[in-house]
Amino acid sequence: MMEPNGGSSSVGAADGASDHAAGRKRHSKRPKYSRFTQQELPACKPILTPGWVISTFIFVGIIFIPIGLASLFASERVVEIVHRYDTDCVPASHRDNMLAYIQSTETNKTCTRTFFVSPVPCSTDVSKQMKSPVYIYYQLDNFYQNHRRYVKSRSDKQLQRRASENDTSNCDPEDVTANNSAIVPCGLIAWSLFNDTYGFSVNNTKLGVSKKNIAWKSDQEHKFGPDVYPKNFQRGGLIGGAKLDSSIPLNQQVDLIVWMRTAALPTFRKLYGKIEADLEANTELTVVIENNYNTYSFKGKKKLVLSTTSWIGGKNDFLGIAYITVGGLSLFLAISFILIYIIKPRPLGDPSFLSWNRNPAGHFN
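Remember, predicted model here, so these are calculated numbers, not experimental data.

Caption draft 1: Layout of the pattern of salt bridges. In this structure the tally under the stated criterion is 11 salt bridges. Among the ionic pairs, Arg154 bridges to Asp156, the shortest N-O distance being 3.0 Å. Among the residues examined, Arg154 registers a relative accessible area of 18% and is labelled buried. The salt bridge involving Lys217 is made with Glu221; its shortest N-O contact spans 3.9 Å. Of this pair, Lys217 and Glu221 both sit in helix α7 (residues 217-223), 4 residues apart, which is roughly one turn of the helix. Classification of Lys217 by relative accessible area gives exposed; the value is 60%.

Caption draft 2: Just a nonpolar patch on the surface, in detail. A grouping of Ile58, Phe59, Ile62, Ile63, Ile67, Ile335, Ile338, Leu339, Ile342 and Ile343 is seen on the molecular surface, where their side chains present a nonpolar patch of about 950 Å² in accessible area. Among the elements of the structure, α2 (50-77) and α9 (318-343) are those that each provide at least two residues to the nonpolar patch. When you line up the elements, Ile63 lands in helix α2.

Caption draft 3: Representation of the packing of aromatic side chains. This structure, assessed with the given rule, holds 15 aromatic pairs. Here the aromatic rings of Phe143 and Phe268 are separated by 5.9 Å at their centres, their planes lie at 90 degrees, and the arrangement is edge-to-face. In this pair, Phe143 sits in the loop between β3 (134-141) and α4 (148-152) while Phe268 sits in strand β6 (residues 268-275), placing the two residues 125 residues apart along the sequence. Each member of the pair, Phe143 as well as Phe268, carries the same accessibility label: buried. With relative accessibility at 9%, the residue Phe143 sits in the buried group. Ring-pair connections join several aromatic residues into one group, and the members of that group are Tyr138, Phe143, Tyr150, Phe194, Trp259, Phe268, Tyr293 and Phe298. Residue placement shows Lys211 over the ring face of Tyr272; its charged tip is 3.5 Å from the ring centre.

Caption draft 4: How the structure looks around the sheet that holds strand β8 (residues 301-307). Spatially, 4 strands are ordered β1-β8-β3-β6 in an open sheet, and the strand pairing comes out antiparallel. Looking along the sheet, the strands with just one partner apiece sit at the ends: β1 (80-84) and β6. Shown here is a sheet whose adjacent strand axes are inclined to one another by a mean of 20 degrees, direction ignored. For β3 and β8, the ladder comprises 7 bridges, and the chain directions are antiparallel. Bridge pairing in β8 places Tyr138 opposite Leu304.

Caption draft 5: Representation of the packing of α2 against α9. Where α2 meets α9, the axes come as close as 7 Å, and the angle between the chain directions of the two elements is 155 degrees. If you check the angle between α2 and α9, you find them roughly antiparallel. The hand of the α2/α9 crossing is left-handed. Grouping the constituent residues of the contact of α2 with α9 by class yields 22 nonpolar, 7 polar and no charged.

Caption draft 6: Structural context of the state of the cysteines. Following the criterion strictly, the structure yields 2 disulfides and no others. Cys89 shares a disulfide with Cys111; S-S distance 2.1 Å. Here the S-S torsion is close to -65 degrees, and the disulfide linking Cys89 with Cys111 is therefore left-handed. With a gap of 22 residues between them, Cys89 in the loop between β1 and α3 (98-103) and Cys111 in strand β2 (residues 110-117) connect regions that are remote in the sequence. The exposure class assigned to Cys89 is buried, which follows from its relative accessible area of 4%. Residue Cys171 pairs covalently with Cys186 via a disulfide, S to S 2.0 Å. Highlighted residues: Cys171 in the loop between α5 (156-160) and α6 (188-191) and Cys186 in the loop between α5 and α6, separated in sequence by 15 residues. There is no split in this pair, since Cys171 and Cys186 are both buried. Cysteines bonded in the protein are numbered consecutively along the chain; their disulfide partners then correspond to 1-2, 3-4.

Caption draft 7: Spotlight on the environment of Met98. Relative to the assigned elements, Met98 resides in helix α3. In the structure, Met98 is positioned 12 residues away from Asp86 in sequence and 9.4 Å away in space, judged by C-alpha atoms. Setting aside anything within four residues of it in sequence, one finds Met98 in contact with Asp86, Val90 and Tyr296.

Parameters and conventions
- Residues numbered from 1 in each chain as written.
- Predicted model: local features only at pLDDT ≥ 70, side-chain atom pairs only at ≥ 80, totals over all residues.
- Heavy atoms only, no water.
- Salt bridge = Lys/Arg side-chain N within 4 Å of Asp/Glu carboxyl O.
- Buried < 20%, exposed > 50% of the residue type's maximum accessible area, 1.4 Å probe, protein only.
- Helix = DSSP H or I, 4+ residues; strand = E, 2+ residues; numbered from the N terminus.
- Patch = residues over 30% accessible without salt bridge, like charges linked within 9 Å, V, L, I, M, F, W, Y side chains within 5 Å.
- Areas by Shrake-Rupley, 256 points an atom, 1.4 Å probe, with all protein chains shown as cover.
- Phe/Tyr/Trp six-rings, centres within 6.5 Å; stacked < 30°, edge-to-face > 60°.
- Lys NZ or Arg CZ within 6 Å of the ring centre and 35° of its normal.
- Pairing = 2+ DSSP bridges.
- Axes fitted to C-alpha atoms, helices over the stretch in contact; angles between N-to-C directions.
- Parallel < 35°, antiparallel > 145°, perpendicular 65-115°, else oblique.
- Left-handed = near helix turned anticlockwise from the far one by under 90°.
- Nonpolar A, V, L, I, M, F, W, Y, C, P; charged D, E, K, R; others polar.
- Disulfide = S-S within 2.5 Å.
- Contact = heavy atoms within 4.5 Å.

See below:
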């Protein structure tokens, strides 16, 4: 009489176990099987044989070394003159207190420098002809445009649209005037706009400085609005840099646009303009500098840079040296592997070199 009950009990237990297993299966967090999740898709698994490794290093060397040599030759063809003038353009009588000189409105800030375009290199003179266009840069040293508070001190909305001219929340302390009127453009970046100027002449003939295309086209079209005009700019008690023409919209203020693209390093160059004429050899180049920008308060340096370009850009030997170094190192490794392979060869995939075969007892020396 007990067997039926016992059988019924066993069947019930089995059913309960199956229901429990089904419940566990329904609530499992295991992802659904696929060849992708299990990394079973077909894949290329190359075997790095000595031949492949040596061939790769030789190929890299053959490609990189000519590229490096071409880059170096192109860089050597670039004619560049760099002249530091922040100290030379201060009269000797004011060099004991250059900060007071630059802050004074009574001192004469005009400075004249002369260079010679000569076939014989001499100090800061140009060693050969400079073909147009000759790019004019100003270089600042020890100026940290990448400082977090400085970089954030601007209003992109205000620069783009006239309707947002009162959006100055990120521009403190150069956000509003004493009567709470918005400053356009606001912020420390615009306030510290570079304001030294340069005038050029060759043999007493004045050279024009073109500002065409010195700013990024994308910045002019998208970051600076055609209906936004300077307002209340540089009218406070402390003047930071250059002033802006209130009748010209911001998207045409190319010097401001160039300056507002902040530099990543404390030493940087920014494009000032272009001389669209050749500077022939054996000519005298005169530069009239208005030394207005204050770099003396933070021990900065100012330099005037004149440079031509090549297919690789301005003068920069680093890229060519880097390519030659990598190519030479690759050829050195290729030759080293060839010698090792010839002097002490071994079969490919020899299991005797496995650690557990070299030390069967599992002991390492």
